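Chain residues, written in single-letter form:
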Amino acid sequence: GPGLKVISTLSVGFDHLALDEIKKRGIRVGYTPDVLTDATAELSVALLLSACRRLPEAAEQVKSGGWTTWKPLWMCGYGLSDSTVGIIGLGRIGQAVARRLKPFGVRKFLYTGSGPKPESAAEFGAEFVPLTRLAEESDFVVVTCALTPATQGMCNKDFFGRMKKTSVFVNTSRGAVVNQEDLYNALSSGQIAAAGLDVTTPEPLPTDHPLLSLKNCVILPHIGSATYATRSTMAVLAANNLLAGLRGEPMPHELKL
């Protein structure tokens, strides 16, 4: 409405806001970065492990009677030890993911984004590379960037076509960074090994969506920040942002437009 002065969003992403309009009207925006970094990074690692070690598929085999005698190659997946991990967007969450993956014995970290971040990358010895090279060399690709016009549909047919047949793709950023039809084709044809998604387009994903028919795709209902402690902290921060904005004071976390 015309009287809108302040918007407070319970998220680190702000792609759902009409920023041009908001800026034009001088509306202030509060958001909740930092407080959800650890929870989202944990979930990203959980999703990566679920996809690469085929956990939902394996659990289903126990229930359906598919678990019979021991077979050497049954339910085999891909491990992190001695692997190359590519991170798309080495921001707060990307760094927190790398920090958690490093002790698994990852051999090399690659990252891509709008520009190199030497201070952030130093901790992991991460190398800044073009998106094409990240796709070609990574055993695991983790997407943790913001959704912007530059990143929309970035993970597409060309991207998946460059990935190894043994590689695993994980997205915990925003669904629209991925062309889902291209991802479906890559997964169903064996162009890539597996995928784990916490975000989709649309959300919720229709229950008859083709991606849900694939054994090698783990899809979660956007639960990246869903720990009791984190959601509670996010709610308090969002309320404090709103109150500060209404009082005309500096917000604890204001989006600078």
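From a predicted model like this one, the values you see are computed outputs, not experimental measurements. (Residues numbered from 1 in each chain as written. Predicted model: local features only at pLDDT ≥ 70, side-chain atom pairs only at ≥ 80, totals over all residues. Heavy atoms only, no water.)

A. Here's a closer look at the UniProt feature "domain: D-isomer specific 2-hydroxyacid dehydrogenase catalytic" (unreviewed entry) in the chain. Mapped onto this numbering, the UniProt entry annotates "domain: D-isomer specific 2-hydroxyacid dehydrogenase catalytic" (unreviewed entry) at residues 2-255. For residues 2-255, the helix share is 35%, the strand share is 13%, and the end-to-end C-alpha distance is 20 Å. (UniProt positions renumbered as here; feature names shortened; annotations may be inferred. Helix = DSSP H or I, 4+ residues; strand = E, 2+ residues; numbered from the N terminus.)

B. Main features of the environment of Pro210. Along the polypeptide, Pro210 turns up in the loop between β8 (194-197) and β9 (217-219). Residues Pro210 and Tyr184 lie 26 residues apart in sequence; the distance between their C-alpha atoms is 7.2 Å.

C. Highlighting the side chain of Thr151. Counting through the fold element by element, Thr151 comes out in the loop between β6 (140-143) and α7 (157-162). Within the structure, the side chain of Thr151 is placed 2.8 Å from the backbone nitrogen of Thr148, a separation counted as a polar contact. Here Thr151 is in contact with Cys145, Ala146 and Val177, once residues within four sequence places are set aside. (Polar contact = N/O pair within 3.5 Å; in protein donor to acceptor, adjacent residues only side chain to side chain. Contact = heavy atoms within 4.5 Å.)

D. Region of the structure containing helix α9 (residues 228-247). Under the 1.5 Å per step criterion, the end-to-end length of α9 is 29 Å for 20 residues, consistent within 8% with the ideal 28 Å. Listed in full, the buried residues belonging to α9 are Thr230, Met234, Leu237, Ala238, Asn241, Ala244 and Gly245. The buried residues of α9 occupy an angular sector of 135° when the element is viewed end-on, so they sit on one face. What points out from α9, more than 90 degrees from its buried face, is the exposed set Tyr228, Ala229, Leu246 and Arg247. Where α9 is buried, its residues meet β1 (6-8), β2 (28-30) and α2 (37-52). Just downstream of α9 lies Gly248, where phi reads positive at about 75°. (Expected span 1.5 Å × (residues − 1). Buried < 20%, exposed > 50% of the residue type's maximum accessible area, 1.4 Å probe, protein only. Arc of directions from axis to C-beta.)

E. Structural view of the domain arrangement of the chain. What the domain assignment reports for the chain is domain 1 (6-31 + 227-255) and domain 2 (37-219). A straight line from the C-alpha centre of domain 1 to that of domain 2 covers 29 Å. With 7 residues of domain 1 at the interface, the matching set in domain 2 holds 5 residues. Counting each side, the surface lost to burial between domain 1 and domain 2 is near 460 Å², with a carbon and sulfur contribution of 55%. (Domains from an automatic or database assignment. Buried area = accessible area lost by both parts, 1.4 Å probe.)

F. Structural detail: the packing of aromatic side chains. Inspection of every chain in the model, using the stated rule, returns 6 aromatic pairs. Look at Phe14 and Tyr31: their rings are 6.1 Å apart centre to centre, the planes differ by 75°, and that puts the pair in the edge-to-face class. Pair noted here: Phe14 is in the loop between β1 and α1 (19-24) and Tyr31 is in the loop between β2 and α2, with a separation of 17 residues, a long-range link. Judged by its relative accessible area of 27%, Phe14 is partly exposed. (Phe/Tyr/Trp six-rings, centres within 6.5 Å; stacked < 30°, edge-to-face > 60°.)

G. Quick look at the packing of α2 against helix α4 (residues 92-101). Close contact between α2 and α4 brings their axes to 9 Å; oriented N to C, the two are set at 55°. Viewed along their axes, α2 and α4 adopt a mutual orientation that is oblique. Relative to α4, α2 is oriented so that their crossing is right-handed. Of α4, the residues touching α2 (which contributes Thr37, Asp38, Thr40, Ala41, Glu42, Ser44, Val45 and Leu48) are Arg92, Ile93, Ala96, Val97, Arg100 and Leu101. (Axes fitted to C-alpha atoms, helices over the stretch in contact; angles between N-to-C directions. Parallel < 35°, antiparallel > 145°, perpendicular 65-115°, else oblique. Left-handed = near helix turned anticlockwise from the far one by under 90°.)

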